[in-house]
Amino acid sequence: MDDLIEFDINDSLKHYSIDPSSIATPAAPQELVDCENEPEALTAALINSELNPVVDAVAESPDAITRSAYFDTLQFLLKCVPIVPPHERPNETVPDQALFRRARNSPQIPLSTLSKILDLLVSAISAQVDIIHSDLEVDEQETLQQHKQILEIYGFLLQWTISAVETRALEKSASEPTKARGKGAKAKAGTNKDGNWDASAQLETALDKMSKVLRLKLSRIFVTTSERDTFIGLFTKPVYYILENEARVKNTAIRMHCFRILCISIKHHGHAFGAQTAINQNLSYYEHLAEPMAEFLKILAEQYDYPQLTEEVLKELSTKEFSSNDLKGPKSISTFLTKISELTPHLVIKQMSQLANLLENESYTLRCAMIEVLGNLIVMLSEQNSEERSELAKNHIDVFFDVLEERMMDINPYCRCRVLQVYSRICDLQEKFPKRRQKISALAAQSLDDKTSNVRRNAIKLLGKLVSTHPFTAHGGELLSRKEWTARLEDVDARISALRPPEELKEKSVGDQTVDETLLQDATQVEGASPAKEPQEMTNEEKIAAVKKMQEEAATAQALDFLQKTRKYHLEALKFIEVINYAAELVTRLLSSKNKSEVIEAMDFFTVIDAYKIENARTGIRRMLRLIWAKGNSDEGKGVQTHLIECYRGLFFDAPPNFNPNDTANYIAKNMISLTFGTTPAELTSLEQLLSTMKKQGVVNELVIQKLWQIYGIQKRDISKTQRRGAIIVLGMLALAEPDIIVQELETCLRIGLGEFGRKDLGLARYTCIALRRISPPPGKKAAGSEPLKVVKLPNDHAILVRLASMTEIVSDDEDWFGVAEQAISAIYVLARHPDVLCSEILRRKAKHVFASQVPSRPTTSASLAEDADKMDVDEPDEDRTIIAPPPPVKKQNSASALSQLLFIVGHVAIKQIVHLELCEQEFKRRKAEKEKIAGPRESLASNSTITSAARKGRKKAGNKDKTPAPEEPDELDLMAGTTEDDFTEAIAHIRERELLFGPQSLLANFGPLVSDVCANNTQYNHPVLQSQAALCLAKLMCVSAEYCEKNLELLLTILERSKDAVVRSNLVVALGDMAVCFNHLIDENTDFLYNRLKDSDPSVKRTCLKTLTFLILAGQVKVKGQLGEMAKCLEDDDKKIADMARMFFTELATKDNAVYNQFVDMFSLLSADTSLNVEAFKRIIKFLTGFIEKDKHAKQLANKLAARLPRAESERQWNDVSYTLGLLQHKDEEILKTIAEGFKVVQVGA
């Protein structure tokens, strides 16, 4: 046992690298050797009995490790543990011993034993270092050889042990992807159980002692370079192995110990080249080491003053090449470059001439990294004082900015995004780079048209950052209002004009230039002339005056110079404002993007620029309203809506912090009213949804509502119409969420909106009617899981209904009357228990007002109406009718206007009566379902025939003379509870089809012939408003009955074709769409008239027609018969909205069962035959349409059909159209290509 080993480090490392189990252990205890073929015999007790003596001996004296028995015991035990993970193990020779074969896959000794060995080696090497240090201090040369051997032994065993520990850790991390959390996590750490042994603490100690070894003066122990490198490798290789474990790298203490060992090895022991090789390998194969390696190089350069390695690594990376399949390497190196440029930019900038090669690398990740590097270098250079900055640094900044601008043209969108992100970071710097900002803002605005949404999103973000960090803050100009900056510029120009430069400073024209008289003396002096006088000496007064003049001129020149610079400053600011305003227009379009993150970024942009008073911000903010309807998968749509509400809350509802509650309420109320100014009907609808949603969320409190009522109800004259209108508009919107808002102030509504103010301001009356409708919630709308909303129905003699009815009888020629009448009638149908009765009275009185005092212009028509009016007057008395007294005549009304208003009421009542019938049917079905649910199936109380007749006699039509008293309707529905739904539906359909317009007791039946007559005789009834309202009324009546529709369809189509009024044509287009839904069999043969409107001269008619056809076709309401070519022409319309709408239509159509493919040939024929369509427009349309032919089978079939037309082409244009289309289709047919080649020859000969 006293035999000492003869240890050869090179031989041991050779066997260790090939196969550790091949290392001979002749002096190992026999009991352990016997276990080689009996692995089960290697028990913990046996191991401890052999290991404990070794521990005791080494603890007593570290040089005891040189005894062969102790050394071989440790080697034998280490051979029982794998040092390479199974998936990384090369094809080795299989050991003969069963124990070592098993050890390749799993440790055959307890982990506690491995822990004990590690502790033993660490403590022993620490003690040995102290001994060596003492001997080196006293210059003991005799012991150096022995110390060298002991250090090599411990270094070798420590490398082996750490490799075994790390192999175990890697296997554990691979088999346990999830980590323990909560209270049990701490209990699982430590060494209580072998399966949960964590060697982190022991590794920290081991690494600390290893660095202690490296701090020795090893050059005195290891004389030759090879010996020293071999020994250093015993410590650096385990460190690299530890760093391969991502969990170890995340441990800061372990990571720092590893870095310390490597830094000492590089700085003092010549490990630089080995470290360079290792770093490059790590960057290629281990992504998690990218940032740690950059951190290591920073520590090496700054704390150990060794920047050379960083420079060498960067040089090597600049020339590195990657295969096209290698994705991990470029990504890891990109992360490294970004991090190293962030940590040590002063080292990276020295190698930029070589690193610039990576900007042309095929890997876009490397190009992105270099863009980040450029940004980091600009940040570093900008931190230098601008006065102290060298000329070289300024040149560097200019070059780096130039390269960034070039990269904006990069083919890869990720690179373009990265440039925009780098610009955003640069904007946050203290130095503003004003000259470069103009170019950056222009590039960002240009990027808003990029085809990639991610680029556009980053461009929006950059523009917002440019605005929020703009440099134009001098002279009190933090805001960017173009009007204010223009006024300031004009002021500066005026001041410059006031300070005229002295005559001496003005440039003289060629004719005014003077020459020194001395040059002309000889030539111009006349003989005998007296010589020039000597200049006299200036007096003191003249001297003082001259000095004062010079001072004034200097002050003026200085002031002019300052003003010129100020003028330039203002011009730069205005240029920047123009770019932002232009960009705001583009961002407004992006609010319609399908990418939700892009939309959210656009909203944030408008919020930012509004704070700086950019003019176009309000346009974008108003356009944002439509996003309240956003829909999306999962939470995308909700995310957009939520963000919209947050933006509007910040813009209009968050008052300044110093406001008290009353001031805050005033602030919010004024802002809400301002939202209604200048809005379109579509924007008002979106605003209504937004404000009602915000009310539900509690954003609008009661104090704000009180302020709105105060503005609406104020009696003073000094309040504007728009403010009062805005207040009731907002209150009506909020009432959609909480109807009590209107209910509590009904008296105010009657006094103001339906009183004197409303009669003077018909717009106010209209919006008051809309607000009153909110008292009763819309049918069918209720929140999921909530109780059914209470429907409010008022008796016909209620003050609200009386006042609403009187509003329709206001004598006025104002066009706003129609809006009031429309909303008043709509409100009556929502609120009244018997709206048909009330509207019948309105019609009677309006007809009497129109015809009673008028001189008949056409005896037949007017006489019949007068007769009908007389019949109405002698109708049986009705209690509902007597409650409303006709308003006293105020002034004489234009007869055409009066008739127009009557026809408008007729048409609107007819439409609303249809809706009323449908609601009655729904109410009947609801009550029947409730009774069946409560009582269960039971025998019907009345026969179906009796019920059906009762339904037909019920008051479900306008103008029925035998009116049932209001309170009886619920009883009637209860009596009909036993009927079937089909019978009730049939009865309702009969009323609509036969009784409303043709029933002997129907009031509306009297107006059907009148409307037709007015429309048919447009030369005699030639008033434009009358013709417009008559056509609209005719269209509405045609939507009621199929018989009336069929009878007047030809007249309607004639008006559609011949009317010169664009509004009439638009209305009739919409009406035809409604008729196509109601009476498809009548309209199906006349759809050509609809398509003809796509060629209308007025863009509004064309737009309306395109919208109508889009709905009808996509909903499957009309059959497409080759007319899609007309819609395809809209793709090239001059009106961008029409072109965008057509593009959207075909995009949606392409999703419906090969619709574009089925209609492609017909569309092609129509487009090719249209000689008015130029060639380039034809090509653009066809290219767009062929983009929807995605299946190869469809492309081949279309190609064959079109190819058959080539021989029959009558003109070169036809042949070119076919050949161009064939070139777009992916047919791959050689015969077609051959035919095209022959076709060229035919065309050329024919020509």
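Thresholds applied
- Residues numbered from 1 in each chain as written.
- Predicted model: local features only at pLDDT ≥ 70, side-chain atom pairs only at ≥ 80, totals over all residues.
- Heavy atoms only, no water.
- Helix = DSSP H or I, 4+ residues; strand = E, 2+ residues; numbered from the N terminus.
- Buried < 20%, exposed > 50% of the residue type's maximum accessible area, 1.4 Å probe, protein only.
- Contact = heavy atoms within 4.5 Å.
- Core = buried A, V, L, I, M, F, W, Y, C linked by side-chain atoms within 4.5 Å.
- Expected span 1.5 Å × (residues − 1).
- Bend = angle between axes of the 7 residues up to and from the residue.
- Salt bridge = Lys/Arg side-chain N within 4 Å of Asp/Glu carboxyl O.
- Polar contact = N/O pair within 3.5 Å; in protein donor to acceptor, adjacent residues only side chain to side chain.
- Disulfide = S-S within 2.5 Å.
- Axes fitted to C-alpha atoms, helices over the stretch in contact; angles between N-to-C directions.
- Parallel < 35°, antiparallel > 145°, perpendicular 65-115°, else oblique.
- Nonpolar A, V, L, I, M, F, W, Y, C, P; charged D, E, K, R; others polar.

Where do I start with the overall build of the protein in this structure?
For the protein, the helix and strand inventory stands at 60 helices and zero strands. By the burial criterion, 50% of the 1247 residues in the protein qualify as buried. Intrachain contacts of the protein at a sequence separation of at least 6 include 74% that bridge at least 24 residues.

Which parts of the structure should I look at to understand the nonpolar core?
A general feature of soluble globular proteins is that nonpolar side chains tend to end up buried together. Within the largest apolar cluster, 359 residues are counted, with the highest numbers of intra-cluster contacts made by Phe336, Leu337 and Leu804. If near-sequence neighbours (up to four positions away) are discounted, leucine 804 is found in contact with Leu754, Cys769, Leu772, Ala824, Ala827, Ile828 and Leu831.

Just checking my understanding: could you explain helix α56 (residues 1155-1169) for this structure?
Along an α-helix, a turn takes 3.6 residues, which lines up residues three or four apart on a common side. Here α56 contains 15 residues, and its C-alpha end-to-end distance of 22 Å stays within 8% of the 21 Å for a straight helix at 1.5 Å per residue. Along α56, the largest kink reaches about 40° and is centred on valine 1161. Restricting attention to buried positions, one finds in α56 the residues Ala1155, Val1156, Tyr1157, Gln1159, Phe1160, Val1161, Met1163, Phe1164, Leu1167 and Ser1168. As for α56, its buried residues are in contact with α54 (1124-1129), α55 (1136-1149), α57 (1175-1186), α58 (1192-1203) and α59 (1212-1224).

Sorry if this is basic, but what is going on with the side chain of threonine 469 here?
Take threonine 469: it is sitting in the loop between α24 (453-468) and α25 (482-498). Assessed through its relative accessible area of 12%, threonine 469 is described here as buried. The contacts of threonine 469, once residues within four sequence positions are left out, are Cys427, Asp428, Lys432 and Arg437.

Would you mind showing me how to read the environment of leucine 1225 here?
Tracing the chain through its elements places leucine 1225 in the loop between α59 and α60 (1230-1246). Distance from leucine 1225 to aspartate 1192, taken between C-alpha atoms, is 8.8 Å for residues 33 residues apart in sequence. Setting aside chain neighbours within four positions, we find leucine 1225 in contact with Thr1186, Ile1189, Ala1195, Leu1198, Ala1199 and Leu1202.

I keep staring at the pattern of salt bridges and nothing clicks. Help me out?
Once their charged atoms are close, side chains differing in charge can pair, the charge on each being opposite to the other. All chains considered together, the criterion is met by 47 salt bridges. Between aspartate 561 and lysine 565 there is a salt bridge, with the nearest N and O atoms lying 3.6 Å from each other. Of this pair, aspartate 561 and lysine 565 both sit in helix α27 (residues 540-590), four residues apart, which is roughly one turn of the helix. What makes aspartate 561 partly exposed here is its relative accessible area of 41%. Assessed through its relative accessible area of 56%, lysine 565 is described here as exposed. For arginine 618, the salt bridge identified is with aspartate 610, shortest N-O distance 3.1 Å. Among the ionic contacts, a cluster of salt bridges with common partners joins Glu360, Arg367, Arg407 and Asp410.

Would you mind showing me how to read the side chain of histidine 147 here?
Summarising the element assignment, histidine 147 is placed in helix α7 (residues 144-175). The exposure class of histidine 147 is buried, given its relative accessible area of 5%. If we ignore the near neighbours within four places in the chain, the residues touching histidine 147 are Gln128, Ile131, Ile132 and Asp135.

Whenever I open this one, unusual backbone geometry confuses me. Can you help?
Most peptide bonds take the trans configuration, and most residues that are not glycine carry a negative phi. Backbone geometry at aspartate 305 places phi at a positive 50°, although glycine is not the residue there. On the secondary structure map, aspartate 305 appears in the loop between α15 (290-302) and α16 (308-318). Residue aspartate 305 is classed as exposed on the basis of its relative accessible area, which comes to 55%. At lysine 613, a position not held by glycine, the phi torsion is positive, near 65°. Its place among the elements puts lysine 613 in the loop between α28 (596-611) and α29 (617-623). Taking relative accessible area as the criterion, lysine 613 reaches 46% and is therefore assigned partly exposed.

I tried to follow α57 on my own but got confused; where do I start?
In this model, α57 (twelve residues) spans 16 Å end to end at C-alpha, consistent with the 16 Å of a helix rising 1.5 Å per residue. Burial in α57 covers these residues: Ala1177, Phe1178, Ile1181, Ile1182, Phe1184, Leu1185 and Thr1186. Buried positions along α57 lie against α54, α55, α56 and α59. For α57, the N-terminal capping position is held by asparagine 1174, with its side-chain oxygen 3.1 Å away from the main-chain nitrogen of glutamate 1176.

Help me understand the state of the cysteines, please; the structure alone is not making it clear to me.
By definition, a disulfide links two cysteine residues through a covalent bond between their sulfur atoms. Counted under the stated rule, the structure contains zero disulfides. Left unpaired, cysteine 1015 is separated from the closest cysteine sulfur, that of cysteine 1033, by 7.8 Å. Exposure remark for cysteine 1015: the relative accessible area of 4% places this residue in the buried category.

Whenever I open this one, the packing of helix α40 (residues 816-831) against helix α41 (residues 835-851) confuses me. Can you help?
When two helices pack together, their arrangement is given by the angle between their axes and by how far apart the axes lie. Viewed as axis vectors pointing N to C, α40 and α41 meet at an angle of 150°, and their least axial separation amounts to 9 Å. Looking at the two axes, α40 sits roughly antiparallel to α41. Residues Trp817, Ile825, Ile828 and Tyr829 of α40 touch α41, and the partners they reach there are Pro835, Asp836, Leu838, Cys839, Ile842 and Lys846. Here the residues of the contact of α40 with α41 sort into eight nonpolar, no polar and two charged.

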